[in-house]
2 protein chains.
Amino acid sequence: MSEKRLITPRKLSGFMELEPAKQILFDKMVEKIKNVYSQSAFMPLDTPVLEYSEILLAKSGGSIDKEVYAFKKGDNDICMRYDLTVPLARYVAMNVGSMSFPFKRYQIGKVFRGEKAQKGRFREFVQCDADIVGLDELPIVADAECLSIVDKVFKALGLKILNHISNRNILFGYCEALGEGEKTSDILVVLDKINKIGKENAVKELLEMGVSSENSQKLIEITLKCGKFDDILSEIENLSDNPTFQKGVGELKEISSYLKALGVDENCYVLDLGIIRGQNYYTGTVFEAMMPEHPEFLTVCGGGRYDNLAGYFTDKKLPGVGLSIGLTRLFDLMDSAGMLEEVKPTNIDLQIIPMGDTLNECLSLKSYFGGTIVCDINYENRSFKSKMKEANKKQIPFILIVGENEVTSKLYSLKNMITGEQYTLSKEDCLKMVEGKR
Amino acid sequence: MSEKRLITPRKLSGFMELEPAKQILFDKMVEKIKNVYSQSAFMPLDTPVLEYSEILLAKSGGSIDKEVYAFKKGDNDICMRYDLTVPLARYVAMNVGSMSFPFKRYQIGKVFRGEKAQKGRFREFVQCDADIVGLDELPIVADAECLSIVDKVFKALGLKILNHISNRNILFGYCEALGEGEKTSDILVVLDKINKIGKENAVKELLEMGVSSENSQKLIEITLKCGKFDDILSEIENLSDNPTFQKGVGELKEISSYLKALGVDENCYVLDLGIIRGQNYYTGTVFEAMMPEHPEFLTVCGGGRYDNLAGYFTDKKLPGVGLSIGLTRLFDLMDSAGMLEEVKPTNIDLQIIPMGDTLNECLSLKSYFGGTIVCDINYENRSFKSKMKEANKKQIPFILIVGENEVTSKLYSLKNMITGEQYTLSKEDCLKMVEGKR
């Protein structure tokens with residue numbers, strides 16, 4: 001017995017750690033997202049996990065949000081990134097002179113938030129972001145491009161979504177038009193939670209902050225509008241001639257026309273004026289994609305347009321538009337809902353079982369098969385029976401049995417573990433058969 | 001002018017951040033390594049970046065090495081991982097009951113070491129590890145498997161290496177055989193640095209620690225042996241009948257035979273008894289791959305056999321063998337040496353330039369091309385001339401000009417930016433031409 005005190009192996013809570021068979025599925029999703037981004041002419045960026053606190057906390061004037069992992073190392077105040085947007089802003093501000101615009105980058109990486117761990121909330125999660133950043137200006141067609149990528153990504157993932165799109169200028173302008181312009185931010189906070197608190201409570205809150213009864217009704221009515229772009233736009237376009245409101249209408253019309261030209265499936269998006277998105281930095285287009293068959297997943301992808309990406313770091317005006325998918329959360333939800341592809345306990349196509357002193361022959365065979373299929377040797381010191389049992393448990397599709405006779409005859413016993421059929425074949429024919437059944 | 005004080009955008013030193021065009025090349029290398037690991041029947045594991053300090057610092061009894069990024073969050077003492085081996089040990093110890101062995105996992109991820117920043121040293125770097133872990137026992141053929149993966153990985157990367165292989169039992173046993181067994185660790189420290197300090201200084205240090213003159217000579221002589229396995233083994237196998245020494249000889253003979261059976265190129269590895277590797281946890285096979293054409297790169301891949309992976313966390317015996325590639329450092333060295341593939345400023349195959357009011361037509365075309373090639377629209381509000389200049393600078397191979405006539409005729413002007421040739425083609429023929437030249 002060991003004299004040494006053992007340390008109980010444990011993992012921090014709120015950190016996803018998948019068994020390898022599931023990690024393969026996760027990695028496949030990453031690959032699909034990456035392919036769509038890259039195929040859409042976005043280039044990869046990989047910023048460090050750690051940044052100066054001064055940079056990451058610029059927004060809050062340096063004060064540390066309790067969610068952020070912050071610490072001191074030597075003389076430096078350091079934070080772990082909590083999103084991929086601030087690092088993008090820092091990167092663009094640092095390199096603006098040598099870059100070409102619009103800058104289309106994607107980044108797929110882990111971000112860290114030390115929030116209270118609870119079901120479906122992770123402290124470390126993979127975020128998949130794609131953004132288009134312009135210098136001085138960026139036309140609205142860029143917004144449509146991002147929206148079409150949302151469509152493509154979820155098609156590639158085989159997931160049916162409905163993307164709820166809006167434009168914050170609509171509510172900004174409408175508040176102004178109603179003479180409630182000064183209360184806009186407070187009003188938006190209330191309108192953003194109508195679904196949570198209900199229409200009546202929303203009215204009550206609006207009245208409490210001094211919005212007139214008539215205006216409260218009107219604000220709630222417009223916020224609840226959701227449907228086909230053309231329908232909703234024709235309902236609202238004459239509601240007000242406020243310039244901000246009309247800017248929103250105009251941008252939504254443009255987007256509607258671009259999405260049609262891009263061939264985005266019209267069943268996969270709606271104009272939903274209730275989409276507000278809390279973050280203050282969105283200034284025009286906003287969107288949240290949901291899964292109609294799984295409303296409990298809430299938003300699986302969100303994003304929008306911001307007027308100025310890096311205002312804390314540079315005087316250059318850098319408007320942008322982007323989308324973000326929280327993949328760790330999505331994967332977890334899909335797993336709980338039984339929506340993942342079948343989990344295969346192994347990626348092995350063919351396992352060789354040596355019988356007697358045939359290991360070198362098995363290694364040559366592995367070397368022969370290995371370039372084409374995933375081949376493994378069970379070289380453990382265990383009985384044949386237990387090896388077959390193990391292969392079955394692992395769902396390995398083919399087993400090759402290599403005994404001393406086989407070394408001489410160069411004909412090997414190949415067993416199809418699914419059908420139970422057994423063949424005596426040359427290595428070339430073994431390879432053909434296994435390859436054919438992949 | 002902005003009233004707000006700007007924060008100078010800056011990045012922590014010692015953290016690699018590639019421009020996107022180079023990041024593509026880095027990602028390609030990751031992809032190639034991943035493919036070899038996965039094709040060799042290793043499964044992916046992705047442990048968290050953060051772990052309990054108690055776990056990561058188990059080896060040092062909880063004392064924080066100055067290299068480690070450690071901090072407190074709430075009540076928890078937390079560290080950022082500084083390698084992928086301790087997290088693997090923690091994972092296996094936690095899940096040993098439900099796993100099947102040998103467990104073959106790869107992990108490609110960032111690790112963090114807050115060391116003094118200097119050229120070629122990174123505080124955040126991508127490590128690419130593959131390990132085979134057994135329960136109770138793991139035959140030596142697993143070591144050969146790892147060595148053949150080293151060969152395959154560097155072939156996949158197009159890099160010529162020479163893998164220097166040894167077995168620590170040789171020197172362990174030889175020290176014992178010479179009656180210097182008690183001084184073994186100190187002796188190994190000296191022998192490990194012969195190349196750095198020179199033969200004479202090594203002798204001096206050995207004499208100072210009380211090793212006899214004759215033994216010092218013998219130890220240095222054996223340590224300098226390097227060459228073909230069969231040659232070196234026949235030179236040394238009768239040097240001593242010490243059981244540890246003979247265990248080393250036996251294992252090396254086995255490995256030699258397995259590597260031949262696996263078809264590993266004999267010009268790509270040597271038996272080099274000077275390979276010791278500082279880390280105490282290696283107990284048998286050790287190896288360091290170097291690049292003969294770039295000796296200044298030093299070790300580009302290393303690894304070896306350890307008797308017990310997770311002794312701090314479990315009483316179960318978990319022998320293993322693995323390899324590790326420090327990709328960030330390797331990439332940086334290759335970049336400095338001009339060894340990277342050509343850096344292409346963009347991944348765009350075809351850029352559409354709208355002339356006049358043709359944006360919707362351009363979007364339809366983009367949607368048509370986009371499934372097959374990487375297509376982008378230059379929708380910026382700039383002159384045609386400046387757009388062409390930009391396309392040239394970005395080395396975009398093809399430009400499609402879409403004016404109002406083209407919208408009517410459905411025939412478009414395609415320009416090959418390399419040859420300067422210009423064609424008038426249908427969209428189908430445009431796609432064929434661009435696809436053919438990818």
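Heads up: these notes are all about the structure in this document. Worth saying up front: this structure is predicted, and the values here are computed from it rather than measured.

### A word on the overall build of chain A
Summing up its helical and strand segments, chain A has 16 helices and 17 strands in all. Compactness check: chain A gives a C-alpha radius of gyration of 28 Å against a globular reference of 22 Å for 438 residues, more than 25% above the reference. Viewed in the frame of its principal axes, chain A has a C-alpha envelope of about 95 × 55 × 50 Å. Every one of the 438 residues in chain A was classed for burial, and the buried ones make up 57%.

### Some points on helix α10 (residues 229-236) of chain A
Note that an α-helix has 3.6 residues per turn; residues three or four places apart therefore point the same way. Residue and element names in this part refer to chain A. Of all the positions in α10, only F229, I232, L233 and I236 are classed as buried. Buried residues of α10, seen end-on, are gathered within an arc of 100° and therefore sit on one face of the element. Turning to α10, the residues buried within the fold contact β7 (162-167), α5 (168-177), α9 (213-223), β8 (226-227), α11 (243-261) and β9 (269-272).

### Things to note about the packing of helix α4 (residues 141-156) of chain A against α11(A)
All names here are of chain A. At a closest axis distance of 9 Å, the pairing of α4 and α11 adopts a crossing angle of 50°. Taken as axis vectors, α4 and α11 run oblique relative to one another. For the pair α4 and α11, the crossing hand works out as right-handed. Of the residues in α11, those in contact with V141, D143, A144, L147 and S148 of α4 are I255, Y258 and L259. Looking at the contact of α4 with α11 residue by residue, the classes come out as six nonpolar, one polar and one charged.

### Remarks on the sheet that holds strand β14 (residues 375-377) of chain B
All names here are of chain B. The strand order across the open sheet built from five strands is β14-β13-β15-β16-β17, with neighbouring strands paired in mixed fashion. Each of the sheet's edge strands pairs with one partner strand only, and the pair in question is β14 and β17 (422-425). Sheet twist, expressed as the average angle between the axes of neighbouring strands with direction ignored, equals 25°. Sheet topology note: the strand β13 (residues 350-354)/strand β15 (residues 398-402) ladder contains five bridges and is parallel. Paired with P354 across the two strands is V402, which belongs to β15. Where helix α16 (residues 427-436) meets the sheet, it contacts β13, β15, β16 (412-416) and β17, and its direction lies at approximately 140° from that of β17.

### Comments concerning the packing of helix α13 (residues 359-370) of chain A against helix α11 (residues 243-261) of chain B
Direction vectors running N to C along α13(A) and α11(B) enclose 40°, while the axes themselves pass 8 Å from each other. On the basis of their axis angle, the class for α13(A) and α11(B) is oblique. Touching A:L359, A:N360, A:L363, A:S364 and A:S367 of α13(A) are B:S257, B:Y258 and B:A261, all from α11(B). Among the residues forming the contact of α13(A) with α11(B), the class breakdown is four nonpolar, four polar and no charged.

### Points about the side chain of B:N169
Residues and elements named next belong to chain B. Here N169 lies in helix α5 (residues 168-177). Given a relative accessible area of 6%, N169 falls into the buried group. With residues near it in sequence (within four places) discarded, N169 still touches T244, F245, K247, G248, E251, T283 and G284.

### A few points about the state of the cysteines
In this structure the tally under the stated criterion is zero disulfides over all chains. Here A:C79 is not disulfide-linked; the sulfur of B:C79 is the nearest cysteine sulfur, at 17 Å. With no disulfide of its own, A:C146 has A:C301 as its nearest cysteine by sulfur position, at a separation of 9.5 Å. Assessed through its relative accessible area of 0%, A:C146 is described here as buried.

### Observations concerning the relation of the copies chain A and chain B
For these two chain copies, the linking operation is a rotation about an axis paired with a shift along it. In the superposition of chain A on chain B (RMSD 0.1 Å, axial shift 0.0 Å), the rotation amounts to 180°. The two molecules are tied by a two-fold rotation axis, judged by turn and shift. The C-alpha atom lying nearest the rotation axis in chain A is that of A:F71; the distance is 3.1 Å. With an isologous cut-off of 70% or more, the 100% of interface residues of chain A that recur at the interface of chain B puts this contact in the isologous class.

### Considerations on α5(A)
All names here are of chain A. Across the 10 residues of α5, seven count as buried, placing the element largely inside the fold. Buried residues along α5 sit in contact with β7, α6 (184-191), α9, α10, α11 and β10 (282-290). Just beyond α5, the residue with positive phi is G179, at close to 80°.

### Topic: the environment of B:V30
All names here are of chain B. For V30, the position within the fold is in helix α1 (residues 20-39). When its relative accessible area of 17% is taken as the criterion, V30 is described as buried. Considering only alpha carbons, one finds V30 and Q127, 97 residues apart in sequence, at a separation of 9.8 Å.

### Let's talk about the pattern of salt bridges
Any two side chains of opposite charge can pair, on the condition that their charged atoms come close. Within this structure, the stated rule accounts for 54 salt bridges over all chains. When the shortest N-O distance is used, the salt bridge between B:E54 and A:R10 registers 3.5 Å. Here B:E54 is found in helix α2 (residues 53-56), whereas its partner A:R10 is found in the segment before α1 (20-39) on a different chain. For A:R10, a relative accessible area of 35% puts it in the partly exposed group. When the shortest N-O distance is used, the salt bridge between A:D230 and A:K260 registers 3.0 Å. One end of the pair, A:D230, is in helix α10; the other, A:K260, is in helix α11, and 30 residues separate them in sequence. Taken together, the shared-partner salt bridges in this structure form one network comprising A:K104, A:E145, B:K366 and B:D376.

### Overview of the interface of chain A and chain B
With 102 residues of chain A at the interface, the matching set in chain B holds 102 residues. Interface area, chain A with chain B, both sides summed: about 8800 Å², of which 58% is carbon and sulfur. The interface formed by chain A and chain B includes 10 salt bridges. A salt bridge links B:K110 to A:D46; the nearest nitrogen and oxygen atoms lie 3.1 Å apart. The interface formed by chain A and chain B holds 34 residue pairs in polar contact (both at pLDDT 80 or more) in total. The greatest single-element share of the side of chain A that touches chain B, amounting to nine residues, is contributed by α1(A). In terms of residue class, the side of chain A that touches chain B is made up of 52 nonpolar, 21 polar and 29 charged.

### What to know about the packing of aromatic side chains
Per the counting criterion, the structure on display carries 19 aromatic pairs over all chains. Geometrically, the ring pair formed by A:F71 and B:Y69 is edge-to-face, given 5.9 Å between the ring centres and 65° between the ring planes. Placement of the pair is A:F71 in strand β3 (residues 70-73) and B:Y69 in the loop between α2 and β3 (70-73), with the two residues belonging to separate chains. For A:F71, a relative accessible area of 8% puts it in the buried group. Assessed through its relative accessible area of 2%, B:Y69 is described here as buried. Taking 5.7 Å as the distance between ring centres and 70° as the angle between the ring planes, the aromatic pair formed by B:F229 and B:Y269 counts as edge-to-face. Of the two residues, B:F229 sits in helix α10 (residues 229-236) while B:Y269 sits in strand β9 (residues 269-272), which places them 40 residues apart along the sequence. For the residue pair B:F229 and B:Y269, the accessibility class agrees, reading buried in each case.

Rules of the game
- Residues numbered from 1 in each chain as written.
- Chains lettered and ligands numbered in written order.
- Predicted model: local features only at pLDDT ≥ 70, side-chain atom pairs only at ≥ 80, totals over all residues.
- Heavy atoms only, no water.
- Helix = DSSP H or I, 4+ residues; strand = E, 2+ residues; numbered from the N terminus.
- Rg over C-alpha atoms; globule rule 2.2 N^0.38 Å.
- Buried < 20%, exposed > 50% of the residue type's maximum accessible area, 1.4 Å probe, protein only.
- Arc of directions from axis to C-beta.
- Contact = heavy atoms within 4.5 Å.
- Axes fitted to C-alpha atoms, helices over the stretch in contact; angles between N-to-C directions.
- Parallel < 35°, antiparallel > 145°, perpendicular 65-115°, else oblique.
- Left-handed = near helix turned anticlockwise from the far one by under 90°.
- Nonpolar A, V, L, I, M, F, W, Y, C, P; charged D, E, K, R; others polar.
- Pairing = 2+ DSSP bridges.
- Disulfide = S-S within 2.5 Å.
- Least-squares fit on C-alpha atoms with pLDDT ≥ 70 in both.
- Salt bridge = Lys/Arg side-chain N within 4 Å of Asp/Glu carboxyl O.
- Buried area = accessible area lost by both parts, 1.4 Å probe.
- Polar contact = N/O pair within 3.5 Å; in protein donor to acceptor, adjacent residues only side chain to side chain.
- Phe/Tyr/Trp six-rings, centres within 6.5 Å; stacked < 30°, edge-to-face > 60°.

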